[in-house]
Amino acid sequence: MIPPPRKAIMVGISGASSSGKTTLSRLLRDIFPCAFILHEDDFFKGDDSLPIKNGIKDGDCVEALKVPELVAVLEYIRYHGSLPEDFKSHEDQNLVGDCHIPVSIIASLKAKVTAWTTPGQPGHRILVAAPSRANICIVDGFLLYAPAISAIHRFLDVKLFLPINFSTAKKRRDDRGPYVTKDGLWHEPEGYFERIVWSNYVREHKWMFKDGDVEQEPDDEVLKGKDVKVISEGGDVDMEIILKWAVETLMNELERVFDE
């Protein structure tokens, strides 16, 4: 039996907490037509169901996620091109910091994508022309490409990854306010970032980096084999640079995926 044509192209955007993935996701949603976001954070289990690590409830691991529900929603999006009608996002209520990108830069990138989607250009047949056109689902998540969550890998057509160093991630996390969850506002316990967030990030992502050191260069050969695209500048990169890279990379990757 031939499966129905997909109605959405899935674009994963992943990285450590505070790497800028949600900010980037929202910017790309506003720049590309027919784009919407699915936040992995909307699939956390309730506070009472979180595993315990180092004496602290661990909400930053695969065991804290409702993976079967995430898979079901991804399956729905693939063949309907939209979120389920009854889907409610808690993550959309969380604020992100000012991206400090001039409005003129964002406007120029949007104009570039608009030109790419005009008749005769590659983006037109991908995102505009019926009946083959597809929407873009941006999957924003802290854990998308690791073996621990292999159940979702088959859905991700494009994979972008934002590396970050410990000091930058820690400062950004410390500057963040309370977090909106399904159980209400969540205040981070002391030491949570070091003992839970970063520890889990290293464990799940060291395979992506040379010598298993997440503070060093990504392993290009390994990532090429997994079709993961990583910005060449790592550590503490200005969001304007990240956005320009992501727009160009996404345009190229959408063409590749659509032609497969």
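Structure first, text after, so check above.
Keep in mind it's a predicted model, so treat the numbers as computed, not measured.

Draft legend 1. A look at the packing of aromatic side chains. Overall, the coordinates contain eight aromatic pairs when judged by the stated rule. A ring pair is formed by Phe166 and Phe193, whose centres lie 5.6 Å apart and whose planes are at 50°; its orientation type is tilted. You can see Phe166 sitting in helix α5 (residues 166-175) and its partner Phe193 sitting in helix α6 (residues 192-205), a full 27 residues away along the chain. On the basis of relative accessibility, which here comes to 28%, the residue Phe166 falls in the partly exposed class. Given a relative accessible area of 1%, Phe193 falls into the buried group. Taken together, a centroid distance of 5.4 Å and an interplanar angle of 80° make the contact between Phe166 and Trp198 edge-to-face. With Phe166 in helix α5 and Trp198 in helix α6, the pair connects residues that are 32 residues apart, well separated along the chain. A network of ring pairs unites the aromatic residues Phe166, Phe193, Trp198 and Tyr201 as a single cluster.

Draft legend 2. Inspection of helix α2 (residues 67-80) at higher detail. If you check α2, its first and last C-alpha atoms are 20 Å apart, about what 14 residues at 1.5 Å a residue would give, namely 20 Å. For α2, the set of buried residues is Val67, Leu70, Val71, Val73, Leu74, Ile77 and Arg78. Projected onto a plane normal to the axis of α2, the buried residues spread over an arc of 165° and lie on a single side. Residue Gly81 follows α2 closely and has a positive phi angle near 75°.

Draft legend 3. Representation of the pairing of strand β6 (residues 158-162). Burial within β6 is extensive, with five of its five residues counted as buried. Residues Val158, Leu160 and Leu162 point to one face of β6 and Lys159 and Phe161 to the other, with burial holding for every one of them. Sheet analysis places strand β1 (residues 8-15) next to β6, joined by five bridges and oriented parallel. Its bridge partner being in β6, Gly12 is matched across the sheet by Lys159. The pairing of β6 with strand β9 (residues 228-230) spans three bridges and is classified as parallel. Considered in β9, the bridge of Lys159 is made with Val228.

Draft legend 4. Seen up close, the sheet that holds strand β5 (residues 135-141). Spatially, β2-β5-β1-β6-β9 is the arrangement adopted by the five strands of the open sheet, whose pairing is parallel. Where the open sheet ends on each side, the last strands, each with one partner, are β2 (35-39) and β9. Along the sheet, successive strands turn relative to each other by an average axial angle of 25°, direction set aside. As defined by bridge partners, β2 adjoins β5 across five bridges and the pair is classed as parallel. From the neighbouring strand, Ala35 faces β5, where its bridge partner is Ile136. Across the sheet, α2 lies against β1, β2 and β5, angled at about 140° from β1, the strand it touches most.

Draft legend 5. Structural detail: the pattern of salt bridges. Inspection of the entire model under this criterion finds 13 salt bridges. Between Arg125 and Asp259 there is a salt bridge, with the nearest N and O atoms lying 2.9 Å from each other. Of the two residues, Arg125 sits in helix α4 (residues 122-127) while Asp259 sits in helix α8 (residues 239-259), which places them 134 residues apart along the sequence. Look at Arg125 and you get partly exposed, because its relative accessible area is 32%.

Thresholds applied
Residues numbered from 1 in each chain as written. Predicted model: local features only at pLDDT ≥ 70, side-chain atom pairs only at ≥ 80, totals over all residues. Heavy atoms only, no water. Phe/Tyr/Trp six-rings, centres within 6.5 Å; stacked < 30°, edge-to-face > 60°. Helix = DSSP H or I, 4+ residues; strand = E, 2+ residues; numbered from the N terminus. Buried < 20%, exposed > 50% of the residue type's maximum accessible area, 1.4 Å probe, protein only. Expected span 1.5 Å × (residues − 1). Arc of directions from axis to C-beta. Pairing = 2+ DSSP bridges. Axes fitted to C-alpha atoms, helices over the stretch in contact; angles between N-to-C directions. Contact = heavy atoms within 4.5 Å. Salt bridge = Lys/Arg side-chain N within 4 Å of Asp/Glu carboxyl O.

What is shown is where atoms sit, not what they do.
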